Amino acid sequence: MEKKYFIETFGCQMNVHDSEKIAGMLRDLGYVEGKTKSEADIIVFNTCCIRETAETKIMAKIGDTKALKRANPNLLVVVCGCMTQQKGMAELLKKRFPFLSLVIGTHNLEEMEEYIKEHNKKFRAVVWDNEKAIREDIKMYRTSDDNAWVNIMYGCNNFCTYCIVPYVRGRERSRKIEDIAQEVENLAKENKYKMVTLLGQNVNSYGNDFKDGTNFVTLLKRLCEIKGNFKISFMSSHPKDFSFELIDFIASHQDKMSINLHLPVQSGSDEILKRMNRRYTSAHYKELVDYIYKKIPNATLSTDIIVGFPGETEKDFEDTLDLVKYCKFASIFGFVYSKRQGTPASTFENQVSAKVKKERITRLFELEHSLQKETLKNYVGKTYDATIVKGDKGDELAKTHFNKLIRIDAGNYEIGREVSVLVEKLDNDLLYGKVVG
Ligand code: 5AD
Ligand code: SF4
């Protein structure tokens, strides 16, 4: 009988892609994908620790596997990803969950195949303190349909004061342009990916570690030369490094570059941005947004916002709301500040109460909701790339790459087809348009 694996992934796209590498390694060992945990011979928890809520959820899920392990003593339970890289976490996991088989850190994830081969039923934790050279020989099993994730760099040097990522993902290391280009060329040959999404904690600082003038635009120029029926997008960006050169480049390569841009602002208050160590002002952010809309009128913007950062006053929060009103975001990912041990902000005075944080996140979402109408109005008269999808009533709709549904004259288009849609009107919060290409 074939052995089965089950991977449960938490957190960001970086982790989703890491799980594709884990699947690649497990398949190499002869495992096939299982549908449920109870039929699995190996369960892998690929974890996240960006907020406390994530950790609490993961701990509960790991605890739930105790019964499965009891029923099947040969079951392997592996925990890897950002959570395990925190100081003292491997010991804590061993204490709380003695039935675990393996705990693996972020820097040695790619050694998982070896650890599984060597496993001898005893608990083992291997968490390297530091990052090693980038490995280019990793097999992956891609699972996200028509989007292919491609790492362009690992780690983060920014040390935003609330963020645990630099402590668990190490310093910035960029992959070589030619290695990335080779991977994208192979993907293009497969001809099944509509989007290639470049991944990094801060893609805009790509190449800084080469110290030879290479930057993110240098990489994009090379990738845009690759022929194929796909577009390129990227995440995440940092406003301090998001250059006007990059905006010009995207504007002049819209045949290849996605124009849905994710640009996390975190706060609209300069005082808070300073204490977050973000190294830009709200005025600079607005300048970037203005330039994006000027050069790429159809661009859609999304952002991340943290409410309730230590010391955030009502006025600071209102500055954030004002910035949101200004930027016309297509979507906002709003988070309540969560204290992360070992980060500077966790020791800052004037931590905001849970009650105020909750009230502010509600107000942020209410504002987003009330601005939706304006945002939708803004789409009218513009043409967007979209994919034909099936609606609830079995009719066809066009779904833009920023996830808005547009009603079209149904009955004429095959599901999955890539089209251009001109948005003609907004009626009762619904968009209507026609396929123009
Ligand atoms: N608390 C709340 N949100 C956080 N983020 C990062 N660290 C924290 C934290 N300690 C958010 C940021 C980041 C997104 C991925 O998660 O907005 O952009
Ligand atoms: Fe965290 Fe800031 Fe690095 Fe993003 S740029 S991963 S928020 S430290």
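Below: a short report on this structure. (Residues numbered from 1 in each chain as written. Chains lettered and ligands numbered in written order. Predicted model: local features only at pLDDT ≥ 70, side-chain atom pairs only at ≥ 80, totals over all residues. Heavy atoms only, no water.)

What about the overall build of the protein?
For the protein, the count of helices and strands is 12 helices and 19 strands. What you see for the protein is a C-alpha radius of gyration of 23 Å, in line with the 22 Å of a compact globule of 437 residues. Its C-alpha atoms put the protein at 65 × 55 × 50 Å along the principal axes. In the protein, which comprises 437 residues, the proportion classed as buried is 53%. (Helix = DSSP H or I, 4+ residues; strand = E, 2+ residues; numbered from the N terminus. Rg over C-alpha atoms; globule rule 2.2 N^0.38 Å. Buried < 20%, exposed > 50% of the residue type's maximum accessible area, 1.4 Å probe, protein only.)

Some points on the site of ligand 2
Neighbouring residues of ligand 2: C156, N158, F159, C160, Y162, C163, V165, P166, Q201, H238 and R278. Class assignment for the residues of the shell around ligand 2 results in 7 nonpolar, 3 polar and 1 charged. (Near = heavy atom within 4 Å. Nonpolar A, V, L, I, M, F, W, Y, C, P; charged D, E, K, R; others polar.)

So, the nonpolar core
With 69 residues, the main nonpolar core has L198, F216 and F234 as its most contacted residues. In this view, L198 contacts V150, I152, V203, F216, L219, L220, L223, I232, S233, F234 and M235; residues no more than four positions away in its chain are not counted. If you look at the next biggest cluster of nonpolar residues, it comprises 25 residues, including I43, A54, L75 and I164. (Core = buried A, V, L, I, M, F, W, Y, C linked by side-chain atoms within 4.5 Å. Contact = heavy atoms within 4.5 Å.)

So, the pairing of strand 15 (residues 383-390)
The pairing of strand 15 with strand 18 (residues 418-427) spans 5 bridges and is classified as antiparallel. Pairing of T383 across the sheet is with L422, part of strand 18. By the bridge criterion, 5 bridges tie strand 15 to strand 16 (residues 396-400) in an arrangement that is antiparallel. The partner of I388 across the bridge, within strand 16, is A398. Between the end of strand 15 and the start of strand 16, which pair antiparallel, lie 5 residues, with G394 showing a positive phi angle near 80 degrees. (Pairing = 2+ DSSP bridges.)

Quick notes on the sheet that holds strand 13 (residues 300-307)
With parallel pairing, the 3 strands of this open sheet are ordered in space as 12-13-14. A strand with exactly one partner marks an edge of an open sheet, and here the two such strands are strand 12 (260-262) and strand 14 (331-336). For this sheet the average axis-to-axis angle between neighbouring strands, irrespective of direction, equals 15 degrees. Taken together, the 3 bridges between strand 12 and strand 13 define a ladder with parallel strand orientation. Opposite H262, over in strand 13, you have S302 as the bridge partner. Strands strand 13 and strand 14 of the sheet are contacted by helix 12 (residues 354-379), whose axis makes an angle of about 180 degrees with strand 14. (Axes fitted to C-alpha atoms, helices over the stretch in contact; angles between N-to-C directions.)

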